[in-house]
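# Secondary and tertiary structure notes
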2 protein chains.
Amino acid sequence: MLRHVAMFRWSESAGETERMAVESRLASLPSLIPEIADYRFGHDIGLSPGNRDFVVVADFASVDDYLAYRDHPAHRAVIEDVILPIVSERGAIQFDLGT
Amino acid sequence: MLRHVAMFRWSESAGETERMAVESRLASLPSLIPEIADYRFGHDIGLSPGNRDFVVVADFASVDDYLAYRDHPAHRAVIEDVILPIVSERGAIQFDLGT
């Protein structure tokens, strides 16, 4: 198993409508991309000053399944349509989740 | 449920010994901190240039359980002893994982 994590800071001009559009669009992806084994995302709940704004945590059975997600047209469309317009910083990692 | 994610970039001078010490020390925490519901961590597996180096993903039943972990002496000791000496960047977030 592999876990992919992408963490974002939104631009200060990003409004609530734009932020919520990311969540609603991402929510559609598990039904469109069967390679996704587990898909969680959410906005920071405000416990710690200086936190990032948003994170996606996605689990896959294999590297190939992750790459299928990464390059899937539905995923790329979400990135292009609603993420790139408001992102000011992105950090990502893929790590081995064990079996 | 709440998920905490902390993502790191290590300093360029951090060697393999220092990097692996983080993993071995973190591995001891679930047995010391019963509030941890799920604990995963790992280093980047090298699929994407520019990725961060290391990530911790920890799940908790409540905000109180997360705070118990955050402030637990065993956790603080790992941070002081092996993480702070090699970290060049840290990003974190806590988000609602649902029920």
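Everything that follows concerns the structure shown earlier in this document.
Notes on the structure follow. (Residues numbered from 1 in each chain as written. Chains lettered and ligands numbered in written order. Predicted model: local features only at pLDDT ≥ 70, side-chain atom pairs only at ≥ 80, totals over all residues.)

## Notes on the relation of the copies chain B and chain A
The transform that puts chain B on chain A rotates by 180° and translates by 0.0 Å along the axis, for an RMSD of 0.0 Å. Taken together, the rotation angle and the small translation identify this as a two-fold axis. Looking at chain B, 100% of its interface residues are interface residues in chain A too, so the copies touch through the same face. (Least-squares fit on C-alpha atoms with pLDDT ≥ 70 in both. Contact = placed C-beta atoms within 7 Å.)

## Concerning the interface of chain B and chain A
Taken together, the contact pairs 22 residues of chain B with 22 residues of chain A. Those elements that provide at least two residues to the side of chain B that touches chain A are strand S1 (2-10), strand S2 (38-43), strand S3 (54-60) and strand S4 (87-96) of chain B. (Helix = DSSP H or I, 4+ residues; strand = E, 2+ residues; numbered from the N terminus.)

## Some words on the sheet that holds strand S1 (residues 2-10) of chain A
All names here are of chain A. Spatial strand order, S2-S3-S1-S4: four strands in an open sheet with antiparallel pairing. Two strands bound the open sheet, and with one partner strand each, they are strand S2 (38-43) and strand S4 (87-96). Each neighbouring strand pair of the sheet contributes to a mean axis angle of 10°, computed without reference to strand direction. Across seven bridges, S1 lies against strand S3 (residues 54-60) in antiparallel orientation. Bridge pairing in S3 places Val5 opposite Val57. Relative to the sheet, helix H3 (residues 63-71) contacts S1, S3 and S4, its axis offset from that of S3 by approximately 135°. (Pairing = 2+ DSSP bridges. Axes fitted to C-alpha atoms, helices over the stretch in contact; angles between N-to-C directions.)

## Looking at the nonpolar core
Ranked by internal contacts, the top residues of the largest apolar core, which has 44 residues, are Val5, Met7 and Val55 of chain A together with Val5, Met7 and Val55 of chain B. Discounting residues that sit within four places of it in the chain, Val5 of chain B has contacts with Val5, Met7, Val55 and Val57 of chain A together with Val55, Val57, Ala92 and Ile93 of chain B. (Core = buried A, V, L, I, M, F, W, Y, C linked by C-beta atoms within 7 Å. Buried ≥ 20, exposed ≤ 12 C-beta atoms within 10 Å, placed from the backbone.)

## Re the environment of Ser88 of chain B
Residue and element names in this part refer to chain B. Its place among the elements puts Ser88 in strand S4. Through-space distance from the C-alpha of Ser88 to that of Phe8 is 7.4 Å; in sequence the pair is 80 residues apart. Not counting residues within four places of it along the chain, the set of residues in contact with Ser88 comprises Arg9, Trp10 and Ser11.

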